[in-house]
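Overview (structure and organization)
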Amino acid sequence: MPLSMNLVTTVATPDPRLSAVRALNRVLPGKGDGESLREVLRDFPLQGSDGGQMRDICFGVCRHLRPLNHWLNQQLSKPLKGSAQPVRLALLAGLYELWFSNRPAHAIVNAYPQLCRKLKAPWAAGLSNAVLRKASQITLEQAVADAPINIQLSLPDWLFKRWEKDWPNNADAMARANLQTPPFTLRVNRQQQQRADAIAALGEGARAGYIAPYSIYLQPARPVLQLPGFEQGALSVQDEAAQLPAELLQAPAKGRILDACAAPGGKTGQLREKFPAADLSALELEGKRLARIRENLARLGTDVTLLQGDASDPKTWWDGTPFDAILLDAPCSATGILRRQPDVKWHRKASDIGVLVDLQARMLDALWPLLKPGGMLVYATCSVLRDENDHQVRNFLQRQPQARDVTPRPEGATMVDAGWQLFPEQHGPDGFYLACLRKESGAQLSS
Ligand SMILES: C[S@@+](CC[C@H](N)C(=O)[O-])C[C@H]1O[C@@H](n2cnc3c(N)ncnc32)[C@H](O)[C@@H]1O
């Protein structure tokens with residue numbers, strides 16, 4: 001047999017649609033808790049256009065899950081069994097591709113019956129053909145025109161209600177922004193280059209961010225290894241709003257700084273770039289996530305003191321020497337970054353919020369005594385829920401009379417009880433919250 005024939009018959013081409021359904025089946029298993037989409041995608045290292053198509057389907061189905069499911073359910077004469085979840089996910093993937101991708105409709109309609117056979121569900125081939133053929137005649141807007149608004153906007157009922165309560169004038173716009181593909185944003189390493197030089201080196205499609213001084217938007221996104229100087233640490237991927245907490249943290253150049261809740265180390269690296277001579281420690285609860293901080297710092301060619309421990313229980317990891325500055329990027333609902341992590345909408349439950357709010361308050365109370373008088377603590381979340389953000393900080397300020405809110409509020413910022421709330425904006429930053437809290441210098445350090 002000629003060599004080329006042999007290769008054709010033995011090298012299996014991975015099917016991006018099949019991989020997408022397999023990945024989605026772990027993220028949205030139908031029953032029980034799903035895994036994080038980001039983590040699952042690490043197990044599917046498809047490259048090039050196949051990888052792009054697979055990731056597009058996974059993110060797209062998670063992002064638009066509710067309206068896709070709503071229309072699909074209306075087409076079924078009887079509900080699909082729980083064991084047919086892979087078939088459901090295949091149909092949702094087909095609907096997503098038809099309504100959101102530029103791939104030809106006939107190719108999509110023809111691909112999915114074959115995919116059902118690959119899923120060992122040949123019984124679903126006819127169903128797939130009928131459903132996708134019908135969908136190809138209409139738009140998603142027509143398909144869900146009569147559905148309630150939170151279904152159209154693909155949000156769980158509890159979350160939409162909370163947004164309506166917290167942001168009565170903004171809930172719809174926030175939901176619509178979260179249906180967009182997020183921008184690709186970079187942070188320039190100020191120790192290696194100027195932002196203007198980095199923009200010039202990136203060339204077409206690169207522009208400066210308008211709030212964070214080292215941020216660059218790049219459209220379209222590029223694989224990181226194609227970014228000039230990425231491997232040498234000259235650039236890092238980081239949303240513009242996420243760059244603000246470390247940017248606004250004030251400390252002496254050689255001060256002692258704690259990055260509490262540090263993994264995977266995006267802000268630790270940024271703090272190192274901003275304070276190269278500081279005594280910087282990064283604290284993280286989960287041991288295996290400490291390794292992620294180490295990897296990220298190695299790419300930047302730097303290091304910090306790594307501590308494993310619980311930020312709400314300093315006696316287990318603190319050496320007793322106070323800090324000049326503390327960054328608390330607290331665990332939160334991640335409701336500000338749903339366009340980047342759309343699976344969070346389906347994994348998060350209403351009952352999680354109270355637990356998070358309680359943990360955040362305990363962390364604030366436990367870390368505050370570790371701050372020197374005159375020092376600054378920046379509290380940040382990637383949430384747009386007021387209980388985690390300005391209400392949390394307002395309550396903290398009431399408990400801690402020596403704490404003063406010194407957060408900058410640029411013109412146009414939404415007025416909240418304390419701190420600065422940013423919302424996801426089309427072509428702009430993620431939803432994010434931060435508060436800069438200064439400890440009055442008359443305050444005593446607790447032991
Ligand atoms: C929002 S993420 C931090 C992101 C990070 N600052 C960055 O910029 O890359 C929150 C982190 O807090 C960690 N965490 C959760 N509970 C913690 C605790 N009690 N003490 C310390 N870290 C905790 C989580 O494992 C997670 O890595």
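Residues numbered from 1 in each chain as written. Predicted model: local features only at pLDDT ≥ 70, side-chain atom pairs only at ≥ 80, totals over all residues. Heavy atoms only, no water.

In the annotation of an unreviewed UniProt entry, the chain is listed under the name 16S rRNA (cytosine(967)-C(5))-methyltransferase and assigned to Alcanivorax borkumensis. The heading Subcellular location (unreviewed entry) in the UniProt record of the chain holds the text "Cytoplasm". In its Sequence similarities (unreviewed entry) section, UniProt records this for the chain: "Belongs to the class I-like SAM-binding methyltransferase superfamily. RsmB/NOP family." (UniProt positions renumbered as here; feature names shortened; annotations may be inferred.)

**A few points about unusual backbone geometry**
Residue proline 220 is bonded to the preceding glutamine 219 through a cis peptide linkage, with omega at 0°. Mapping proline 220 onto the fold places it in the loop between strand S3 (215–218) and strand S4 (235–237). With an omega of 5°, the peptide bond between alanine 263 and proline 264 qualifies as cis. Along the polypeptide, proline 264 turns up in the loop between strand S5 (256–260) and helix H15 (266–274). Located in the positive-phi region is serine 154, a residue other than glycine, with phi close to 55°. Looking at the secondary structure, you find serine 154 in the loop between helix H10 (149–152) and helix H11 (157–166). Despite not being glycine, cysteine 261 has its phi angle at roughly 60°, a positive value. Tracing the sequence through the fold places cysteine 261 in the loop between S5 and H15. (Helix = DSSP H or I, 4+ residues; strand = E, 2+ residues; numbered from the N terminus.)

**Some points on the pattern of salt bridges**
Counted by the stated rule, this structure contains 31 salt bridges. The closest approach of N and O atoms between aspartate 329 and lysine 267, which form a salt bridge, is 2.7 Å. Taken together, the residues span a long stretch of sequence, with aspartate 329 in strand S8 (residues 323–329) and lysine 267 in helix H15 at a distance of 62 residues. Owing to a relative accessible area of 12%, lysine 267 belongs among the buried residues under this scheme. A salt bridge links aspartate 390 to arginine 386; its shortest N-O distance comes to 2.6 Å. Among the residues examined, aspartate 390 registers a relative accessible area of 0% and is labelled buried. (Salt bridge = Lys/Arg side-chain N within 4 Å of Asp/Glu carboxyl O. Buried < 20%, exposed > 50% of the residue type's maximum accessible area, 1.4 Å probe, protein only.)

**Side note on the pairing of strand S1 (residues 184–188)**
Across the five residues that make up S1, a large majority, five, are buried. Side chains Phe184, Leu186 and Val188 of S1 all project onto a buried face; the interleaved residues Thr185 and Arg187 project onto the opposite face, where all are buried too. Note that S1 and S3 share four bridges and pair antiparallel. Bridge assignment links threonine 185 to a residue of S3, and that residue is tyrosine 217. As judged from the three bridges shared by S1 and S4, these two strands associate in the antiparallel manner. The residue of S4 that forms the bridge with arginine 187 is serine 236. (Pairing = 2+ DSSP bridges.)

**Details of the site of the ligand**
In the vicinity of the ligand lie 18 residues, with Gly266, Glu284, Asp310, Ala311 and Asp329 positioned nearest. For the ligand, an oxygen atom lies 2.9 Å from a polar atom in the side chain of lysine 267. Contacts to the ligand include arginine 289, whose side-chain N or O atom sits 2.9 Å from an oxygen atom. Alone, the ligand offers 600 Å² of accessible surface; in the complex the protein occludes 87% of this. Looking at the shell around the ligand residue by residue, the classes come out as nine nonpolar, three polar and six charged. (Near = heavy atom within 4 Å. Polar contact = N/O pair within 3.5 Å; in protein donor to acceptor, adjacent residues only side chain to side chain. Areas by Shrake-Rupley, 256 points an atom, 1.4 Å probe, with all protein chains shown as cover. Nonpolar A, V, L, I, M, F, W, Y, C, P; charged D, E, K, R; others polar.)

**Notes on the layout of surface pockets**
Put simply, the second largest pocket is a space of about 270 Å³. Around the second largest pocket, the lining residues are His64, Pro67, Phe100, Leu140, Glu141, Val144, Ala145, Gln152, Leu153, Arg176, Leu179 and Gln180. Its residues assigned to classes, the lining of the second largest pocket shows seven nonpolar, three polar and two charged. (1 Å grid on protein atoms, 1.4 Å probe; cavity = no way out; pocket = protein on both sides within 12 Å on 5 of 7 lines; lining within 4 Å. Points joined across faces, edges and corners; volume = space filled by probe spheres on them.)

**A short note on the UniProt feature "domain: SAM-dependent MTase RsmB/NOP-type" (unreviewed entry) in the chain**
UniProt's entry tags residues 174–440 with the feature "domain: SAM-dependent MTase RsmB/NOP-type" (unreviewed entry), counted in the numbering of this structure. Secondary structure across residues 174–440 comprises 27% helix and 23% strand; the distance between its end C-alpha atoms is 36 Å.

**Looking at the domain arrangement of the chain**
Each assigned domain of the chain is listed with its residue range as follows: domain 1 (11–154), domain 2 (184–237) and domain 3 (241–439). The gap between the C-alpha centroids of domain 1 and domain 2 is 34 Å. (Domains from an automatic or database assignment.)

**A few points about the UniProt feature "active site" (unreviewed entry) in the chain**
Listed under "active site" (unreviewed entry) in the UniProt record, and renumbered for this structure, are Cys382. Mapped onto the elements of the fold, cysteine 382 is located in the loop between strand S9 (371–381) and helix H19 (390–399). A residue is classified by how much of its surface remains accessible, and cysteine 382, at 17% relative accessible area, is buried. Setting aside residues up to four positions removed in sequence, cysteine 382 forms contacts with Cys332, Ala334, Thr335, Gly336, Ile337, Gly431 and Phe432. (Contact = heavy atoms within 4.5 Å.)

**A word on the state of the cysteines**
In total, this model carries zero disulfides according to the counting rule given. With no disulfide partner, cysteine 116 has as its closest neighbouring cysteine sulfur the one in cysteine 58, 16 Å distant. Note on cysteine 436: no disulfide assigned, nearest cysteine sulfur contributed by cysteine 261 at a separation of 17 Å. (Disulfide = S-S within 2.5 Å.)

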